[in-house]
Amino acid sequence: MKRIVLVLLACTSLLTAQTRKPASSKLISVKVTGSTRYTPDQIIAATGLKLGQIVNDEDFKGVSQHLGETGAFSDVAYTFEFNAEGIRLALQVKDTNPFVPVRFENFVWLTDQELADKLRTREPLFQGQLPVGGDLAD
């Protein structure tokens, strides 16, 4: 009987461990490699992550998915490491091709340059060209 109780307690503790939330900590750095089209700052801005923000692996999965869905990258991977100060995130991306030029038509209240400038402030990955796939154009 004691053995059955011990086995049940062990199983319960395993289930509890599996349902815990991922470890969260303060984001202390983000390093981006692999892109020749975008600067690391543009990619970091596109992630929406801010240094000092509390993050976990689920946040990184979401960032990776978001960057992939833009169509700007054919491959997005990440690694992270914990230390006493917080989490260091490393993003590895691979640019996709082809990109096509953007043309604006029938925007009479803004010049093409004004419109492009506004788009750049809203979408850090916008550079006057868009990938043929993905949701960056949205």
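The coordinates are above.
Residues numbered from 1 in each chain as written. Predicted model: local features only at pLDDT ≥ 70, side-chain atom pairs only at ≥ 80, totals over all residues. Heavy atoms only, no water.

A. Quick peek at the overall build of the protein chain. Across its full length, the protein chain holds four helices and six strands. When the helices and strands of the protein chain are read in sequence order from the N terminus, they spell out α-β-α-β-α-β-β-β-α-β. Residues counted as buried form 29% of the 138 residues belonging to the protein chain. The long-range share in the protein chain, meaning contacts at least 24 apart out of those at least 6 apart in sequence, stands at 62%. Here the protein chain has roughly 9400 Å² of accessible surface; of this, 55% comes from carbon and sulfur atoms. (Helix = DSSP H or I, 4+ residues; strand = E, 2+ residues; numbered from the N terminus. Buried < 20%, exposed > 50% of the residue type's maximum accessible area, 1.4 Å probe, protein only. Contact = heavy atoms within 4.5 Å. Areas by Shrake-Rupley, 256 points an atom, 1.4 Å probe, with all protein chains shown as cover.)

B. View of the side chain of Asn56. Checked against the element boundaries, Asn56 lands in the loop between β2 (54-55) and α3 (57-69). A distance of 2.8 Å separates a polar side-chain atom of Asn56 from the backbone nitrogen of Glu58. (Polar contact = N/O pair within 3.5 Å; in protein donor to acceptor, adjacent residues only side chain to side chain.)

C. Local environment of the packing of helix α2 (residues 40-47) against α3. α3 packs onto α2 with a crossing angle of 115° between their chain directions and a minimal axis gap of 9 Å. Relative to α3, the element α2 is oriented roughly perpendicular. The interaxial crossing formed by α2 with α3 has right-handed handedness. The segment α2 lies against α3, with Ile43, Ala46 and Thr47 engaging Val63, His66 and Leu67. When grouped by side-chain class, the residues that make up the contact of α2 with α3 number four nonpolar, two polar and no charged. (Axes fitted to C-alpha atoms, helices over the stretch in contact; angles between N-to-C directions. Parallel < 35°, antiparallel > 145°, perpendicular 65-115°, else oblique. Left-handed = near helix turned anticlockwise from the far one by under 90°. Nonpolar A, V, L, I, M, F, W, Y, C, P; charged D, E, K, R; others polar.)

D. Fine view of the pattern of salt bridges. Taken as a whole and judged by the stated rule, the model has five salt bridges. For Glu85, the salt bridge is made with Arg88, and the minimal N-O distance between the two is 4.0 Å. Overall, the relative accessible area of 55% leaves Glu85 in the exposed class. Taken together, the shared-partner salt bridges connect Asp57, Glu58 and Lys61 into one network. (Salt bridge = Lys/Arg side-chain N within 4 Å of Asp/Glu carboxyl O.)

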